[in-house]
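# Structural description and commentary
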Amino acid sequence: MKCSLFFLVLSISISSQARSGSQKVESKPATEFTKQAQKQVLAQLPFHDTKDFDRARKGLVEETPELVIKDSKGNIVWGLKDYSFLKEQKAPDTVNPSLWRVSQINAIAGLFKVTEGIYQIRGFDLANMSIIEGTNGLIIIDPLTATETAKAGLELYYKHRPKKPVAAVIYTHSHIDHYGGVKGVVSEADVKNGKVKILAPEHFLAEAVAENVYAGNAMGRRAVYMYGALLPRSEKGQVDGGLGKTVSVGTVTLIAPTDEIRKTGEKRTIAGVEMEFQMAPHTEAPAEMLVIFPKHKAICAAEDVTHTLHNLYTLRGAQVRDPVSWWKTLNETTEKYLANTEVIFASHHWPTWGKEEVRTLVESQRDVYKYLNDQSLHNMNKGYVMTELPEKVKLPAELGNEWANRGYYGTVNHNSKAVYQKYLGWYDSNPAHLNPLPPVETAKRTVEFMGGEKSVINKARAYYKKGEYRWVAQVLTNVVYANPNNKEARNLQADALEQLGYQAESGPWRNEYLVGAYELRHGIPETPGTDTSSPDMIGAMDPEMLLDFMSIRINTNRSSGKSMKGQIHFADTKKDYAVELTNSVLIYTKNKKFEKPDFTLDVSNESDFGSLLMSKGGMDVAIKDKRLKVTNEGKVKELVAMLDDFPKMFPIVTRESAEVASRSKGQMSHQLRKTQDKREAHSAYSERESSDEVR
């Protein structure tokens, strides 16, 4: 997956920090330099073109501006009321006018008619849920992140349309905001008995549960920055996520596909609806596909054609995406399908109608991804390194000034760096950068060379007064890394990051800057325990994936010099694994048997393996209810004791010691308790029993 565990952890982070939405953040006003930057944006871009506002309202059946969705316990999992400040037509000085524009459009929520027989639920989650009407049933495309939001969306549809049963669900790709709410629209029982089909692209299941498990804890922490989880919803805080408002924090589910689409041109007819599929692997997701509806003259573009420049690299961290696969996919769409297309809709943003308008949008986005790839390589071959590319690669005006190509989510800046990473990796070939000192040591010596902390701060303050916020943020990192207790340096760096956030056009960039400023001022927040285990997600992980993750978690100090051999048997699938701890790694071999293993595990159901080994007390419970038989339980527990639990909230903008970080968390926890208000009910969602090991 590109996002599955990431989004799950993100949801945890948001719910855990929900109470901070009411924090009295020490936000500063926009400086004169920031005000001038916003005026330049107003002068550069065609704000007179308001067609997207009209498109976003076209086909509106019912608008839901005050939408609040709760779970079965009454906890808020989604709400739009906090974004009411976006009703102000003029962008405030603290928000980039272009970002303000798309934030307003993304706040238009409700049920919409796309064309005859096709409806969309928009603004109920980060993504959209599309509903295709068949003769005797519905086809649901991408049922959002959470069961609560998907269920609420379907109920709104049924309020206005005939209550036909759901005949099929389509997952367009392997990101959790496109399948996590599936059990809000269908039951697993109906899928198992054949009443409901689940369609997905080839390799969907493996991608949906694999990639971000291994680095999921790090990605989850970084996602707090990318989505602004700590920030209040306000003109000085979080205003949008670029693709939509943000991510819901409800119940994540997964039902395995019953039908995999493997090649472009495959067709299916369900409930009388004819569909053709175009494969789009390694574009916005490693497993992705577009859906063509010939009789409707419509295309569901999944997430490959939206109203923003998308990510080739996502700021929370992931493997880079392939711009070549992306542009070639859109070129195939153009050549193969657009002649008969009158509307294109996607799983984010709003549709585009009209043959020429659709062609312009698709071809423009095709050209953007090819331009990024080609011009990044062009400048790389001239010797420019990754950090120089953003200054060299700029979209031509005919592409860059189109609203749909603006950097609301991805940016030309970090996408050009992604191309460099894809082809050349982290090393710029300068031997001085081959083995530099670690960041803290570098910072300490740099500050010493620059005349000490006070000297650096004084010089940085002078640059701040000149509006050179990028340099202020960069140079003060040295002081903050060298001495995280220097409040003057932290506050000045926070001020610089804040102004950069105000100026950012990208929702994630704004959030990154403002969360960085927040943590510099307040310290690392404490995260209450949260249940991170989604049974559907864990159950979909195969044994080898779980054994790999166990090996990743091994603490070398506790495992050094130790060895043991074990045998694992899965009764239901008849699989056997020989497992060996050696040299602080866990080696496993399928269908191998040890003559005298140190322990054995006999697991009745393979799908239980993750929960019984990865959750607190899971093994003891499984033994008690006879789902697990163990010989030499002491050896198994000795192995489990070697596994580390990763810290949820490690330092990012600082590099303080564990002792200082702990103090910062305590201070932040006190602030949270002091200032919490009516949103306390929202934060209660996070007070569940923790299962940290899942990550």
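Residues numbered from 1 in each chain as written. Predicted model: local features only at pLDDT ≥ 70, side-chain atom pairs only at ≥ 80, totals over all residues. Heavy atoms only, no water.

This paragraph deals with the overall build of the chain. Within the chain, the secondary structure is distributed over 27 helices and 21 strands. By residue count, 58% of the 695 residues in the chain fall in the buried class. Contacts spanning at least 24 positions in sequence make up 75% of the contacts within the chain whose residues lie at least 6 apart. Only carbon and sulfur atoms are counted for the fraction: they give 49% of the accessible area of the chain, which is about 27,900 Å². (Helix = DSSP H or I, 4+ residues; strand = E, 2+ residues; numbered from the N terminus. Buried < 20%, exposed > 50% of the residue type's maximum accessible area, 1.4 Å probe, protein only. Contact = heavy atoms within 4.5 Å. Areas by Shrake-Rupley, 256 points an atom, 1.4 Å probe, with all protein chains shown as cover.)

Along the chain, M619 turns up in helix α24 (residues 618-624). It is 9.8 Å that separates the C-alpha atoms of M619 and K629, two residues lying 10 residues apart in sequence.

With 88 residues, the main nonpolar core has M129, L154, V169, Y171, V186 and I568 as its most contacted residues. If we skip the residues at most four places from it in the chain, V169 touches I140, P143, V182, V185, V186, V196, K197, I198 and L199. By size, the runner-up hydrophobic cluster in this structure holds 40 residues, among which are L315, L338, V358 and L399. (Core = buried A, V, L, I, M, F, W, Y, C linked by side-chain atoms within 4.5 Å.)

Moving on, we get to the packing of helix α16 (residues 453-465) against helix α18 (residues 487-503). Two elements in contact, α16 and α18, have axes whose closest approach is 10 Å; the angle formed by their N-to-C orientations is 25°. By the angle between their axes, α16 is roughly parallel relative to α18. Of the two elements, α16 crosses α18, and the hand of that crossing is left-handed. Of the residues in α18, those touching α16 at K454, I457, A460, R461 and Y464 are E488, A489, L492, D495, A496 and Q499. Among the residues making up the contact of α16 with α18, the classes are represented as 6 nonpolar, 1 polar and 4 charged. (Axes fitted to C-alpha atoms, helices over the stretch in contact; angles between N-to-C directions. Parallel < 35°, antiparallel > 145°, perpendicular 65-115°, else oblique. Left-handed = near helix turned anticlockwise from the far one by under 90°. Nonpolar A, V, L, I, M, F, W, Y, C, P; charged D, E, K, R; others polar.)

On to helix α9 (residues 216-226), then. Where burial is concerned, most of α9 is hidden: 9 out of the 11 residues are buried. Turning to α9, its buried residues are G216, N217, M219, G220, R221, A223, V224, Y225 and M226.

Counted residue by residue, strand β12 (residues 273-279) has 6 buried out of 7 residues, so it is predominantly covered. With 4 bridges connecting them, strand β11 (residues 267-270) and β12 associate as antiparallel partners. Bridged to T269 within β12 is E274. Bridging between β12 and strand β13 (residues 289-293) involves 4 bridges; their strand directions are antiparallel. Across the sheet, E276 pairs through a bridge with I292, a residue of β13. (Pairing = 2+ DSSP bridges.)

Scored by pLDDT, the chain has a mean of 89; 88% of the residues are at 70 or more. Counting contacts from residues 528-532, a segment whose pLDDT is below 50, to residues more than four positions away or on other chains yields 26 contacts. Segment residues 658-695 is flagged for pLDDT under 50; beyond a separation of four residues in sequence, or across chains, it makes 93 contacts in the model. (pLDDT = per-residue confidence, 0-100.)

Relative to the elements of secondary structure, T341 occurs in the loop between α10 (323-337) and β15 (343-345). From its side chain, T341 meets the backbone oxygen of Y337 in a polar contact 2.7 Å long. The contact partners of T341, leaving out residues within four places of it in the chain, are K297, A298, I299, K355 and V358. (Polar contact = N/O pair within 3.5 Å; in protein donor to acceptor, adjacent residues only side chain to side chain.)

What follows is about unusual backbone geometry. If you check the backbone angles, H282 has positive phi at about 65° while not being a glycine. As for its position among the elements, H282 is in the loop between β12 and β13. With phi around 55°, K297 is a residue other than glycine that occupies positive phi space. Following the sequence through the fold, K297 ends up in the loop between β13 and β14 (298-300).

Pairing between side chains of opposite charge can happen when the charged atoms of each approach one another. According to the stated counting rule, one finds 38 salt bridges in the structure shown. Residue D495 pairs with K28 through a salt bridge whose shortest N-O separation is 3.0 Å. In this pair, D495 is assigned in helix α18 and K28 in the loop between α1 (4-16) and α2 (32-44), connecting sequence segments 467 residues apart. In this structure, D367 engages R366 in a salt bridge whose closest nitrogen and oxygen atoms are separated by 2.8 Å. For D367, a relative accessible area of 32% puts it in the partly exposed group. (Salt bridge = Lys/Arg side-chain N within 4 Å of Asp/Glu carboxyl O.)

On to the sheet that holds strand β17 (residues 564-570). Taken in spatial order, the 5 strands line up as β19-β18-β17-β20-β21 in an open sheet, and their pairing is mixed. Both edges of this open sheet fall to β19 (585-590) and β21 (628-631), since each of them pairs with a single strand only. Going from strand to strand, the sheet's axes swing by 15° on average, the running direction of each strand aside. Summarising the sheet, β17 and strand β20 (residues 599-603) pair through 5 bridges and their orientation is parallel.

Look at helix α5 (residues 147-160): 21 Å from first C-alpha to last across 14 residues, which is about the 20 Å you get at 1.5 Å a residue. Burial runs high along α5: 10 of the 14 residues are buried. (Expected span 1.5 Å × (residues − 1).)

Ordered by their spatial adjacency, 8 strands build an open sheet running β1-β4-β5-β6-β7-β8-β9-β10, and the pairing between neighbours is mixed. On the outer flanks of this sheet lie β1 (60-63) and β10 (259-261), each paired with one strand and no other. On average, each strand axis in the sheet is tilted by 20° relative to the strand beside it, whichever way the strands run. Relative to β10, strand β9 (residues 197-201) runs parallel, the two sharing 3 bridges. Residue pairing for β10: L199 is matched across the bridge by D259. Lying on the sheet, α5 is in contact with β1, β4 (110-115), β5 (118-122), β6 (129-133), β7 (138-141) and β8 (166-170); it crosses β6 at an angle near 40°.

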